[in-house]
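# Secondary and tertiary structure notes
Single-letter residue listing:
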Amino acid sequence: MSDNPNANNQRNNNRPKRGGAPGGQRRGGASNNPSPLNVPNASMSRGAAVRAQKRSQADAQKIANQYAAANMQPERRANFIDDSPRLKIIGLGGMDGGGSKNMILVEYMDDAVVIDCGNDLGVDLPGINYGIADIAYLETIRHKLRAYIITHGHLDHIGGLPHIVPRVPAPIYGSRFTIGMTEKVFENFGLPMPEGFELKTIIMNEETHERLKVGPFFVELVRVTHSIPGSTCVVLDTPVGRIINTGDFRLDPNPLDHERSDTDRLTQLGDEGVLLLMSDSTTSERPGRTPSESTIEPTFVDLFSRAPGRIFVAVFSSNINRIQMLVNAATHHGRKIAMDGRSMMSTLEVAVKLGMIRIPKGTFVPIANVASMRDEEIVVVCTGSQGEPSSALQRMASGDHKYIKLKGQDTVVLSSTPIPESGNDKAIGDMVDDLMKKQVHVYRHATRDIDGCGPLHVSGHASLEEYGDMIDMTRPKFFLPIYGAYRSKKYHIEEAVRRGVPRANSLNIDNGQVVAFTPDKMEVIGEVPHGTTLVDQTGAIVNNIVVKDRVLMAEEGLVAVVLTVDKRTGNLLTSPDIISRGYIYMRDNEELMNGLRGELRRAVAQRFKRVDLDRFKAELKDHVTHYLFEQTQRSPIVIPVVNVISAKGEGKSGQQQQQGSGGQQEIKPVEEQVIDQQERFQRMREKLLGQDARVD
């Protein structure tokens, strides 16, 4: 849950142990003093419990703040005002981690464009699906925005579009395949678009070096190789000078589709003069050059020839070249192909529609037919190369797939490696364990020498020598490494310096920093609001406060106490009702629960009639928190519910209910009222907690 795997242990080690603090306050009898309740025979001060609770809340807030929204930093809003005729580059996302929720704003006077608009699928928070860049600043300059320009169709570059474009509309520019993937993302988006919103897309031809005017800018796309078709550099000619954003790239000399990077055009642009190069830095720590995608195809042909039964291959759903290799190898060995995985089917649909993949007639069969086919005549190409929980291969490995039950003669090929900075290693390892427990033959790129096969994966990103080639071709005056962790960008800057870029002309910037350019100068001039907006499985936005509470509940649990009190006498009408979720199992802790009930009875007798209801509930919450921490060294979330019943049957929970108007009402005996209230509480708990309440 935490970015520090030892954070929980460190927090627990810092807490005072039971009996380790000085005596604290003792019970002395009823007092008119309005101070909170005292804990009898407490071996630990109330301050220790309060400090422990604050530490728990601070830890949860720290975790949630890794993805804090921009509106949590209002003091920064005045730091970015600048109306001078300078070109401004602002990374709203993509300047940290492994490069995610990539989004760069280019602003000049009264005009602006956004390059890429992605999401972050690596957010590890309860109930959160992904994060997108917070656009608090973009909304303040919405009148300036002229376009979204997209480098390629991966979700970390287009996944934020359906959330952000309807709020700040502008046409979306990109290559043919990128626009196809963008339209598919909007089509598959689970929430309705705002009334009156119309998606506007503009396809650009990267082959002809087409240039389009957008406000005061001229836009051109230049083809580069990556792990998805239609990948491009964005060339933006501005009033201050030419800037190039490489997007994600590698310089593959022999791609399967023969669509090599347009190095001639990049060199020509360098000859004409480049003010600024913004270059992908994801894998700048890797020396040398990235192997060509074509080196993998012989491995597939070899494995298909010696696999004894069915073959399952997990690949990235967007890697159309690799899927084409699998189609080629399958048809070569007379096997049919079944596809599985929603993202893969969506991407394949776009590729087939645009003619970017060649599939012989009769090659594909439905996944439901696999069980009835002979083992040696089928290949299943599926999602799950990263061990994603709901992916096709993960469901097969766990035995939960609707149509596939793995068996001993099956062969599984993972044509991938863990995505950098994603933390997927454990998920992949657990999935491989499950596969091997089923006696399945598993081939992985990392263990290819042990497994006796050739390479199964090549990266979609350049290695350090190729990053250097991009610098040599474009020969920029200024250099900004983008889309990578700080250390990766630092290595990239060192390579730029070796290639002749003055160190003073390079910057390693963070999200939100504003970099201003004139033809002869680059400087950081301020910072704009920035952060992360969190999105759940439905596509809805989740507030940071909700995330903090989820983290607290996940780590500490929750305890609810329900008291039913006679309004006139101030006495409890029933035994205190206690609900525990994620804290302790109550049936195994009867002594603790009985002690807590005793404390609740004393709290009602000592304080209920002396303070107003809101004050009583606040004191009760603190008292229960103190008692539980003193007993268990843990600080769960405590929710007090106080139901007040009068002799005339009027009830209130937290505040007095309104009197009914007119008519004489039949008044039930108090005993029946209590039974009715308890039944209502039971129904309420079942609804809120989704299961029968554990009460005793």
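In this text, all values refer to a predicted model and were calculated from it rather than measured experimentally.

## What about the overall build of the chain?
A tally of helices and strands in the chain yields 19 helices and 27 strands. Looking at the chain as a whole, 54% of its 696 residues qualify as buried. Summarising the internal contacts of the chain: among those between residues at least 6 apart in sequence, 73% fall at separations of at least 24. Counting only carbon and sulfur atoms, one obtains 49% of the accessible surface of the chain, whose full area is about 30400 Å².

## Brief notes about the environment of Ser-459
Tracing the backbone shows Ser-459 in the loop between α13 (448-451) and α14 (464-474). What makes Ser-459 buried here is its relative accessible area of 15%. Once the C-alpha coordinates of Ser-459 and Arg-250 are considered, the two residues, 209 residues apart in sequence, prove to be 8.4 Å apart. Leaving out residues up to four positions away in the same chain, Ser-459 has contacts with Arg-250, Arg-286 and Thr-290. A polar side-chain atom of Ser-459 sits 3.1 Å from a polar atom in the side chain of Arg-286.

## A few points about helix α18 (residues 613-632)
Count 3.6 residues to each turn of an α-helix, and residues three or four apart come out pointing the same way. For α18, with 20 residues, the first-to-last C-alpha span of 28 Å sits near the 28 Å given by 1.5 Å per residue. Buried within α18 are the following residues: Leu-613, Phe-616, Glu-619, Leu-620, His-623, Val-624, Thr-625, His-626, Tyr-627, Leu-628, Phe-629 and Glu-630. Sitting at the head of α18, Asp-612 places a side-chain oxygen 3.2 Å from the backbone nitrogen of Asp-614. Immediately beyond the C-terminal end of α18, within one or two residues, lies Gln-633, with a positive phi of roughly 65°.

## A short note on the nonpolar core
Within soluble globular proteins, side chains that are nonpolar tend to cluster in buried spots. Residues Met-103, Leu-105, Leu-138, Tyr-148, Leu-161, Phe-304 and Ile-323 are the most contacted members of the largest nonpolar core, which totals 65 residues. Examining the composition of this core, we find that 7 residues originate from one element, helix α9 (residues 320-332), more than from any other. Other than its neighbours up to four places away in sequence, Leu-105 contacts Lys-88, Ile-89, Ile-90, Leu-92, Ala-112, Val-113, Val-114, Tyr-137, Leu-138 and Ile-141. Judged by nonpolar contacts, the second largest core, of 31 residues, contains Tyr-173, Met-204, Val-240 and Phe-478.

## Description of the packing of helix α7 (residues 263-272) against α14
Viewed as axis vectors pointing N to C, α7 and α14 meet at an angle of 50°, and their least axial separation amounts to 6 Å. Taken together, the axes of α7 and α14 lie oblique to each other. Of α14, the residues touching α7 (which contributes Thr-263, Leu-266, Thr-267 and Gly-270) are Met-470, Met-473 and Thr-474.

## Observations concerning the pattern of salt bridges
Considering all chains together, one arrives at 38 salt bridges under this definition. Close ionic contact of Glu-207 with Arg-223 constitutes a salt bridge, the shortest N to O distance being 2.4 Å. Separated by 16 residues along the polypeptide, Glu-207 in the loop between β8 (201-203) and β9 (211-214) and Arg-223 in strand β10 (residues 217-223) bring together distant segments of the chain. Across the pair Asp-469 and Arg-289 runs a salt bridge whose closest N-O atoms are separated by 2.8 Å.

## Topic: the packing of aromatic side chains
Note on aromatic pairs: each is described by the distance of the centres and the angle between the planes. For the structure on display, the rule yields 4 aromatic pairs. Centre to centre, the rings of Phe-249 and Tyr-467 are 5.6 Å apart; their planes meet at 85°, and the pair counts as edge-to-face. Within this pair, whereas Phe-249 is found in the loop between β12 (242-245) and α7, its partner Tyr-467 is found in helix α14, the two being separated by 218 residues in sequence. Each of the two residues, Phe-249 as well as Tyr-467, counts as buried. Ring geometry for Phe-478 against Phe-517: centres 5.8 Å apart, planes inclined by 65°, an arrangement best described as edge-to-face. Within this pair, whereas Phe-478 is found in strand β19 (residues 476-482), its partner Phe-517 is found in strand β20 (residues 513-518), the two being separated by 39 residues in sequence. Residue classification places Phe-517 among the buried positions, given a relative accessible area of 0%. Across the ring face of Phe-218, the terminal group of Lys-213 is positioned such that the distance to the ring centre comes to 5.9 Å.

## What to know about α14
Summarising burial for α14: 9 of the 11 residues are buried, a large majority. Those residues of α14 not exposed but buried are Leu-464, Glu-466, Tyr-467, Gly-468, Asp-469, Met-470, Ile-471, Met-473 and Thr-474. In this structure, the buried residues of α14 make contact with β11 (232-237), β12, α7, β13 (274-280), β19 and α15 (486-498). Arg-475, located one to two residues past α14, shows a positive phi value of around 45°.

## Regarding the sheet that holds strand β1 (residues 87-93)
Pairing is mixed in the open sheet, where 8 strands are placed in the order β8-β7-β6-β3-β2-β1-β20-β21. The open sheet has two free edges, formed respectively by β8 and β21 (521-527), since each of these has just one partner strand. In this sheet, adjacent strand axes meet at a mean angle of 25° when their direction is disregarded. Of the strand pairs in this sheet, β1 and strand β2 (residues 103-108) are connected by 6 bridges, and their pairing is antiparallel. By the bridge assignment, Ile-90 is partnered in β2 with Leu-105.

## Topic: the sheet that holds strand β18 (residues 441-444)
Backbone-to-backbone hydrogen bonds pair the strands of a sheet. The strands run either parallel or antiparallel. Pairing is parallel across the open sheet formed by 5 strands, whose spatial order is β15-β16-β14-β17-β18. The open sheet has two edge strands with one neighbour each: β15 (336-340) and β18. Each neighbouring strand pair of the sheet contributes to a mean axis angle of 20°, computed without reference to strand direction. As judged from the 4 bridges shared by strand β14 (residues 311-314) and strand β17 (residues 411-414), these two strands associate in the parallel manner. Following the sheet pairing, Val-313 is matched in β17 by Val-413. Contacting β14, β15 and β16 (378-382), α9 crosses the sheet at an angle of about 150° to β15. Docked against the sheet, helix α10 (residues 342-353) engages β15 and β16, running at close to 115° with respect to β15.

## Thoughts on the confidence of the model for the chain
Scored by pLDDT, the chain comes out at a mean of 84, with 80% of its residues at no less than 70. Under a pLDDT of 50 for its full length, residues 688-696 has, in the predicted model, 24 contacts with residues more than four places off or in other chains.

## Side note on the packing of α14 against α15
It is at 10 Å that the axes of α14 and α15 come closest, and there the two elements cross at 50°. In terms of orientation, α14 and α15 fall into the oblique class. α14 and α15 meet at a crossing whose hand is right-handed. Of the residues in α15, those touching α14 at Leu-464, Tyr-467, Gly-468 and Ile-471 are His-492, Glu-495, Ala-496 and Arg-498. Looking at side-chain class alone, the contact of α14 with α15 contains 4 nonpolar, 2 polar and 2 charged residues.

## Observations regarding the pairing of β10
Judged by how many residues are buried, β10 sits mostly within the fold: 6 of 7 residues are covered. Pairing between β9 and β10: 4 bridges, direction antiparallel. Bridging across to β10, Leu-212 finds its partner in Val-219. Joining the antiparallel neighbours β9 and β10 is a turn of 2 residues, in which Gly-215 adopts a positive phi near 60°. Pairing of β10 with β11 involves 6 bridges; the strand directions are antiparallel. Bridge pairing in β11 links Glu-220 to Val-235.

Analysis parameters
Residues numbered from 1 in each chain as written. Predicted model: local features only at pLDDT ≥ 70, side-chain atom pairs only at ≥ 80, totals over all residues. Heavy atoms only, no water. Helix = DSSP H or I, 4+ residues; strand = E, 2+ residues; numbered from the N terminus. Buried < 20%, exposed > 50% of the residue type's maximum accessible area, 1.4 Å probe, protein only. Contact = heavy atoms within 4.5 Å. Areas by Shrake-Rupley, 256 points an atom, 1.4 Å probe, with all protein chains shown as cover. Polar contact = N/O pair within 3.5 Å; in protein donor to acceptor, adjacent residues only side chain to side chain. Expected span 1.5 Å × (residues − 1). Core = buried A, V, L, I, M, F, W, Y, C linked by side-chain atoms within 4.5 Å. Axes fitted to C-alpha atoms, helices over the stretch in contact; angles between N-to-C directions. Parallel < 35°, antiparallel > 145°, perpendicular 65-115°, else oblique. Salt bridge = Lys/Arg side-chain N within 4 Å of Asp/Glu carboxyl O. Phe/Tyr/Trp six-rings, centres within 6.5 Å; stacked < 30°, edge-to-face > 60°. Lys NZ or Arg CZ within 6 Å of the ring centre and 35° of its normal. Pairing = 2+ DSSP bridges. pLDDT = per-residue confidence, 0-100. Left-handed = near helix turned anticlockwise from the far one by under 90°. Nonpolar A, V, L, I, M, F, W, Y, C, P; charged D, E, K, R; others polar.

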